[in-house]
Amino acid sequence: MKDRILFFSILLCIGIFFLIGTNYAQSGFSYDYDMLIKNGKVFDGSLNPAFESDVAVKNGKIVLVAKSINGTAAHVINAEGLYITPGFIDLHTHVDRGMYFPENRACLNYLTQGVTTVIVGQCGSSAWNIFEKAEDQMKRWSQEGIGPNAALFVGHGTVRRLVMGMEDREPTTEELEEMKTLVKEAMEQGAYGLSTGLIYTPGSFSKTDEVIELAKVIAPYSGIYHTHVRDERDELLEAVKEVIEISEKTGVPAHISHFKVIGKDNWGLVKEACALIEEARAKGLKITADQYPYKFTDNYPYMRLIPGRIWTGEEDVDRLRTEDIIGIFDYLRDSQLIELYTKVTPYIPLSEHHQQYLNELPRKRLVSLVARTLISPGNFYGPGSSRERMLFHKRMNNPYEAQKIRQEVKEYYEERYTPENIIVGVCVEKDLEGKSLKQIADIKGKPIEDIIIELELMGARAIPLNMCEEDIEYIMKKDYVGTGSDGTAPYYGMGLPHIRSYSTFLQKIRKYALQRETVSLAHVIRSQTSLPAQIMNWEDKGWIKECCKADIAILDLNNIKIRTSISNPHQYCEGVKYLLVNGKLVIDNGKWNGILAGEVIKLKK
């Protein structure tokens, strides 16, 4: 009897709870918060040490930061033993190229680093394709979804190509006005500023006055000027002076991308460059910079070991050249060229803007575009070409030529890098990967030059360490230097991208704050959160404080794992336990949950 009474009592309680829940739902019951993060330690974006706190999120914003928060939440995260930081802001990326395509839209290699916002359209290349407008990319990403938030820049090089092609000359008055119109159009559509790549063509064809005139266009919008400076080697100081001049004459904040100096003969020059920046800042100019924490450059840094000029020699060898390929395609009609192009372009189906761009291209530029899209002369060069291998072996069989090749190879590496600073990244002899040329020469008991030739003929790829640790650390300590990966959104497992695309932000924390203690943990966090937000003029990002956007990273600092290596760059980091983008959980217990919560950030006029 007692058991029956107990049974019916339980059923009655269940029924009552069910009715209560139904009544709450019908009466519009809602939680106090969408997300409640409990028991964590907070780095709020300042230089202050971490403090114990809870963080509450509602409607995409941080609504409360307090020692202990009571209340109901749709989702509660226990962050005990973990650290809560603002989501990281990457000041310099090229992920727009990969994120154009749905497969890479999540940008997982950045979310897994704790990055919640990326700045795209860098080094003079607009964040949208040359045949599109800024609003096209913004509309696409807004409708289809992206992983991190994104702010877009208009590229000087792209604008110049649209107006002048690849001509090495100054623009006419009419051409300059046309470029200004394109920059203004992008700013009106929500671009954040102008980027230049003054080391690349066609940006390198421009003079300072041209850049100044275009920078003046973005000034009324409170736009920002980001630049890959004109020289990062022995003329670094002149390049930095040019940045300062542009800012001074336009009133526009100027930001130096991936600040560094390349080449062992130039190491240490960054101290003088920093002195120039600090002098300008003392005068009231807004000059800032970003950096990545690695000693090698380039998005795809894996190089052949024998430079092309040494491989081919001075002999007048009949080789396939770009003009040969252009000559072939020049026989085709415009309609045939466009038909061929449509069969290989990844931008399918062709949009109205894309078709219009092709139809309006001058004949010479159309032929060049199609030729470059279909055939690269580089495919026929180097040790992968049977013809070129035969020609190289023929030279090596000539004692005079063989000695000349060995001498040129030896001098090239001793003068430019030194064998200690060339690391073999990919090699069929796996035990050689990760070792320097000097180490391999010692292991095999052969001269450096013979090792280089041997590795070249087996298809090895190497990475030059063309920057030094002292310079990296000197720059990192500056309070006006943020973090920018200069990375891409590659197809996972395809190609050999720089490892910075997968690990920049956690590498900087682990190596320079936790291991080497070059800077404090709070300093690194600031360089990746509130400082980039300040540079971009975002008052509601980069902080763990009330009214800020709920872009939040929750890190396990004791278990950061950098999986990527120069022999296997496609590896996601570990250490980001949870990640919120605009208040939505996207990384849950270290795994992406499939949600695309990022937004396009448009400049507010």
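Residues numbered from 1 in each chain as written. Predicted model: local features only at pLDDT ≥ 70, side-chain atom pairs only at ≥ 80, totals over all residues. Heavy atoms only, no water.

A. Just the pattern of salt bridges, in detail. The full count for this structure, using the stated rule, is 35 salt bridges. Between Glu167 and Arg169 there is a salt bridge, with its nearest N and O atoms 2.6 Å apart. Judged by relative accessible area, Arg169 falls into the partly exposed class, the value being 29%. Note that Asp330 and Arg363 form a salt bridge whose closest N and O atoms lie 3.3 Å from each other. Of this pair, Asp330 sits in the loop between α11 (322–329) and α12 (334–342) while Arg363 is found in helix α14 (residues 363–374), placing the two residues 33 residues apart along the sequence. (Salt bridge = Lys/Arg side-chain N within 4 Å of Asp/Glu carboxyl O. Buried < 20%, exposed > 50% of the residue type's maximum accessible area, 1.4 Å probe, protein only. Helix = DSSP H or I, 4+ residues; strand = E, 2+ residues; numbered from the N terminus.)

B. Structural view of the sheet that holds strand β9 (residues 154–155). Strand order in the open sheet formed by six strands is β9-β10-β11-β12-β13-β16, with parallel pairing between adjacent strands. Looking at which strands have only one partner, the edges of the open sheet turn out to be β9 and β16 (481–483). For strand β13 (residues 287–291) and β16, the ladder comprises three bridges, and the chain directions are parallel. Within β16, the position partnered with Asp290 by the bridge is Gly482. Each of β11 (224–228), β12 (254–256) and β13 touches helix α8 (residues 236–250); the most contacted strand, β12, lies at about 160° to it. (Pairing = 2+ DSSP bridges. Contact = heavy atoms within 4.5 Å. Axes fitted to C-alpha atoms, helices over the stretch in contact; angles between N-to-C directions.)

C. Representation of the nonpolar core within the structure. The biggest cluster of nonpolar side chains holds 106 residues, and the ones touching the most others in it are Leu152, Val183, Ile509, Met536 and Trp538. The contacts of Val183, once residues within four sequence positions are left out, are Val154, Val159, Leu194, Leu214, Val217 and Ile218. One finds Ala402, Ile440, Ile451 and Ala460 within the second-largest nonpolar core, a separate group that totals 27 residues. (Core = buried A, V, L, I, M, F, W, Y, C linked by side-chain atoms within 4.5 Å.)

D. Local environment of the pairing of strand β7 (residues 115–120). Counting buried residues in β7 gives six out of six residues, a clear majority hidden from the surface. Two strands pair when backbone bridges link them, and strand β6 (residues 88–90) and β7 are joined in this way by three bridges, in the parallel orientation. Across the sheet, Phe88 pairs through a bridge with Val115, a residue of β7. Here four bridges tie β7 to strand β8 (residues 149–152), and the two strands are oriented parallel to one another. Among the inter-strand pairings, Val120 is bridged to a residue of β8, identified as Leu152. For the segment spanning β7, helix α4 (residues 134–144) and β8, crossover handedness is right-handed. (Right-handed = clockwise from strand over helix to strand, strands pointing away.)

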